[in-house]
Amino acid sequence: MTQLEERPTTLATAEDPATAWFAAFEDALVARDVDRASNLFAATSFWRDLIAFSWNLTTVENPAGVADLLTSTLDRVDPSGFRLSEPAVTADGVTTAWFEFETAVGRGRGLLRLLDGGDGDGEGPKAWTFLTTLYELKGHEEPRGVRRPMGAEHGASTERVTWLEKQQAENAALGVDTQPYVLVVGGGQGGIALGARLRQLGVPALVIDKNPRPGDQWRNRYKSLCLHDPVWYDHLPYLKFPDNWPVFAPKDKVGDWLEFYTRVMEVPYWSNTVATDASYDEAAGEWTVHLEREGAPLVLKPSHLVMATGMSGKPNIPVVPGAEVFQGEQHHSSQHPGPDAYAGKKVVVIGSNNSAFDICGALWETGADVTMVQRSSTHIVKSDTLMDIGLGDLYSERALEAGVTTEKADLIFASLPYRIMHEFQIPLYDQMRERDKDFYDRLESAGFDLDWGDDGSGLFMKYLRRGSGYYIDVGAAELVASGDVKLAHGQVDHLTETSVVLADGTTLDADLVVYATGYGSMNGWAADLISQEVADRVGKVWGLGSETTKDPGPWEGEQRNMWKPTQQENLWFHGGNLHQSRHYSLYLALQLKARHAGLDTPVHRLQEVHHLG
């Protein structure tokens with residue numbers, strides 16, 4: 001996924017510059033000399049901080065950005081104890097150093113990359129990229145390792161209460177005698193991962209979901225759905241998939257794992273529960289949330305509300321003239337039941353990204369006559385190639401053998417500033433394009449409109465910038481290349497009783513129309529649950545401000561409104577793929593824990609609002 005991973009070198013030549021840099025940096029911090037500290041960063045440099053200094057997810061750039069961050073945070077944070085956690089490594093003029101440090105309230109770890117030549121000013125190596133992350137709060141450490149609970153209470157007591165009795169009493173009191181400090185709306189992988197983190201941190205929390213069982217979010221999708229990301233990338237916090245877990249897990253297996261995980265991690269979780277209305281009392285600092293649980297009304301008063309309803313937001317269902325007269329069936333891809341009922345039917349799938357390809361492939365296998373309507377260009381990468389070139393150095397058996405654990409891989413990836421990430425992605429996707437040239441030639445010969453992102457940086461940048469526009473090919477693209485799945489181009493103009501008519505007049509007979517037309521911004525969920533005013537106050541969720549397709553500027557440097565404070569007090573957004581749900585749930589949970597513990601949490605540069613949705 002990157003080309004910045006450590007490569008073998010002589011350790012003795014690498015350790016001194018990193019150690020010397022940290023000594024100079026800490027000396028400047030202790031002296032509160034912001035100018036001296038910021039001068040240790042190269043003219044073009046990036047400091048990404050995950051809540052350790054900023055109580056925010058933020059990236060500052062160049063010495064001026066470093067000075068701004070330190071000026072507003074240094075006295076409060078009081079950082080100290082910067083030390084290498086393993087020998088530094090030098091390759092190609094860059095020294096890479098893993099380190100640990102402390103703040104006034106917590107403990108952190110990070111990754112430094114030094115340019116050995118500095119800025120050419122003779123002042124020695126300077127920081128190019130600098131990642132700081134908080135991983136625990138002092139006095140509020142998780143009960144892990146040597147702090148794990150005893151479980152059994154040895155001895156004799158007439159007042160003994162068993163683990164099961166404690167669980168039953170807690171569950172009976174929740175929402176009746178006790179209120180959750182945090183209410184998490186949405187019980188998919190994001191909500192469950194956050195619920196597990198909050199449980200371990202001792203934050204009273206509740207996860208709610210409309211489905212009957214945890215994991216139904218996956219079970220209810222079309223039957224052919226499998227994860228497109230490999231297992232090494234997908235672990236949840238605390239409890240990794242076993243080493244015989246399939247590389248690409250089928251959706252029902254994922255659903256069963258989420259249900260198991262919820263139980264074994266003791267996540268307070270209410271199924272069959274729908275939040276119908278929410279409002280915030282600024283004076284009281286609490287939400288009033290109306291629910292229906294098992295059909296019965298209930299009111300909760302949490303301090304914090306987390307929308308964990310999926311990074312994709314609400315389904316985009318186009319308003320198509322003639323939809324009301326169409327005599328067949330039509331639904332969005334998120335409601336697609338699978339192919340079984342459509343054998344021998346004519347199906348038109350509107351869209352050409354992941355869901356569209358998956359659905360087309362499954363329908364073709366069942367014997368349907370399938371046409372894909374491509375409305376705009378799509379980036380495609382073969383799964384095997386992506387795993388090898390794109391992910392292999394960080395998330396694979398190869399990576400594990402090289403000592404790159406999931407936790408280490410997460411930090412390596414997090415240490416790459418979004419501003420320059422595309423520069424490291426472009427050569428990887430150039431390799432993929434060359435390796436699979438015959439495959440792409442066949443697709444283009446079939447008339448498929450391919451792209452590689454606005455700047456050639458491929459899939460992951462598309463995901464970060466817009467969350468759409470790509471397909472990880474697990475076989476269905478071959479059906480388009482061969483013509484087994486037919487291909488049409490253009491926008492849908494209208495429906496008739498029996499067909500889809502495109503803007504150029506092309507008529508496609510249809511018994512079923514599937515709208516694989518994507519999803520809107522997550523703040524749409526806030527508009528439905530709270531108000532449009534609050535949704536607009538928060539603004540668009542997701543994207544970087546890259547000024548590429550569907551990611552309008554200005555540059556923002558981080559994912560908009562994800563896993564961090566928003567302009568609506570005590571409202572948070574959490575989600576993403578399994579990797580993001582795992583990694584960023586830690587930082588969101590720590591932010592919530594700090595507030596629950598009464599710590600001062602001034603936010604450096606709260607997210608501005610440039611786009612409403």
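Parameters at a glance
- Residues numbered from 1 in each chain as written.
- Predicted model: local features only at pLDDT ≥ 70, side-chain atom pairs only at ≥ 80, totals over all residues.
- Heavy atoms only, no water.
- pLDDT = per-residue confidence, 0-100.
- Contact = heavy atoms within 4.5 Å.
- Helix = DSSP H or I, 4+ residues; strand = E, 2+ residues; numbered from the N terminus.
- Buried < 20%, exposed > 50% of the residue type's maximum accessible area, 1.4 Å probe, protein only.
- Polar contact = N/O pair within 3.5 Å; in protein donor to acceptor, adjacent residues only side chain to side chain.
- Pairing = 2+ DSSP bridges.
- Axes fitted to C-alpha atoms, helices over the stretch in contact; angles between N-to-C directions.
- Disulfide = S-S within 2.5 Å.
- Core = buried A, V, L, I, M, F, W, Y, C linked by side-chain atoms within 4.5 Å.
- Parallel < 35°, antiparallel > 145°, perpendicular 65-115°, else oblique.
- Left-handed = near helix turned anticlockwise from the far one by under 90°.
- Nonpolar A, V, L, I, M, F, W, Y, C, P; charged D, E, K, R; others polar.
- Phe/Tyr/Trp six-rings, centres within 6.5 Å; stacked < 30°, edge-to-face > 60°.
- Lys NZ or Arg CZ within 6 Å of the ring centre and 35° of its normal.

## Looking at the confidence of the model for the protein
In step 1: Averaged over all residues, the pLDDT of the protein equals 94, while 97% of them reach at least 70.
In step 2: This model gives residues 1–13 a pLDDT under 50, and the stretch forms 40 contacts once residues within four places in sequence are excluded.

## With respect to the environment of Trp47
In step 1: Structurally, the position occupied by Trp47 is in strand E1 (residues 41–50).
In step 2: Here Trp47 falls in the buried class, since its relative accessible area comes to 0%.
In step 3: With 84 residues separating them along the chain, Trp47 and Leu131 place their C-alpha atoms 5.9 Å apart.
In step 4: Residues contacting Trp47, with those up to four places away along its chain left out, are Phe25, Phe41, Phe53, Thr58, Thr59, Val60, Val66, Leu69, Leu70, Phe130 and Thr132.
In step 5: Within the local environment of Trp47, its side chain forms a polar contact with the side chain of Thr132, the two groups lying 2.8 Å apart.

## Re the sheet that holds strand E12 (residues 286–293)
Sheets are built from strands paired through backbone hydrogen bonds, the pairs being either parallel or antiparallel.
In step 1: The antiparallel open sheet is built from three strands, whose spatial order is E11-E12-E13. The sheet is open, and its two edges are formed by strand E11 (273–281) and strand E13 (296–300), each paired on a single side. Within the sheet, the average angular offset between the axes of one strand and its neighbour, ignoring direction, is 15°.
In step 2: Here five bridges tie E12 to E13, and the two strands are oriented antiparallel to one another. Paired with His290 across the bridge in E13 is Val299.

## Points about the state of the cysteines
In step 1: Applying the stated criterion across every chain yields a total of zero disulfides.
In step 2: Between Cys226, a free cysteine, and Cys360, which holds the nearest cysteine sulfur, the sulfur-to-sulfur gap is 17 Å.

## Thoughts on the pairing of strand E5 (residues 94–102)
In step 1: With seven of nine residues buried, E5 is to be regarded as a mostly interior element.
In step 2: As paired strands, strand E4 (residues 89–91) and E5 are joined by three bridges and run antiparallel to one another. What sits directly across from Val89, in E5, is Thr96.
In step 3: Hairpin remark: E4 followed by E5, antiparallel, with two residues in the connecting loop; positive phi at Asp92, about 55°.
In step 4: When E5 meets strand E6 (residues 106–115), the two strands line up antiparallel, connected through nine bridges. Its bridge partner being in E6, Thr95 is matched across the sheet by Leu114.

## Regarding the nonpolar core
In step 1: Counting 167 residues, the largest nonpolar core has Trp21, Phe25, Trp47, Phe130, Leu305 and Val349 as its most contacted members.
In step 2: With nine residues, the single largest contributor to this core is helix H18 (residues 578–596).
In step 3: If we ignore the near neighbours within four places in the chain, the residues touching Leu305 are Leu183, Val185, Ala278, Trp287, Val289, Leu529, Ile530, Asn570, Leu571 and Trp572.
In step 4: Membership of the second largest hydrophobic core comes to 13 residues, among which are Val348, Ile350, Val500 and Ala510.

## Quick notes on the packing of helix H5 (residues 189–200) against helix H7 (residues 251–264)
In step 1: The contact between H5 and H7 brings their axes to 10 Å, and the two run at 20°. Between H5 and H7, the angle falls in the class roughly parallel. The way H5 lies across H7 gives a crossing that is left-handed. Contact residues: Gln189, Ile192 and Ala196 in H5; Leu258, Tyr261 and Thr262 in H7.
In step 2: Classifying every residue of the contact of H5 with H7 by side-chain character gives four nonpolar, two polar and no charged.

## Some details on the packing of aromatic side chains
In step 1: Under the defined criterion, the tally for this structure stands at 37 aromatic pairs.
In step 2: Site record: aromatic cluster; members linked through ring pairs are Trp21, Phe22, Phe25, Phe41, Trp47, Phe53, Phe82, Phe99, Phe101 and Phe130.
In step 3: Residue placement shows Arg109 over the ring face of Tyr135; its charged tip is 3.7 Å from the ring centre.
In step 4: Here the basic side chain of Lys382 rests over the ring of Phe439, its NZ or CZ set 4.3 Å away from the ring centre.

## A look at helix H9 (residues 383–391)
In step 1: For H9, the tally of buried residues reaches seven of nine residues, placing the bulk of the element in the interior.
In step 2: Every buried residue of H9 is listed here: Ser383, Thr385, Leu386, Met387, Ile389, Gly390 and Leu391.

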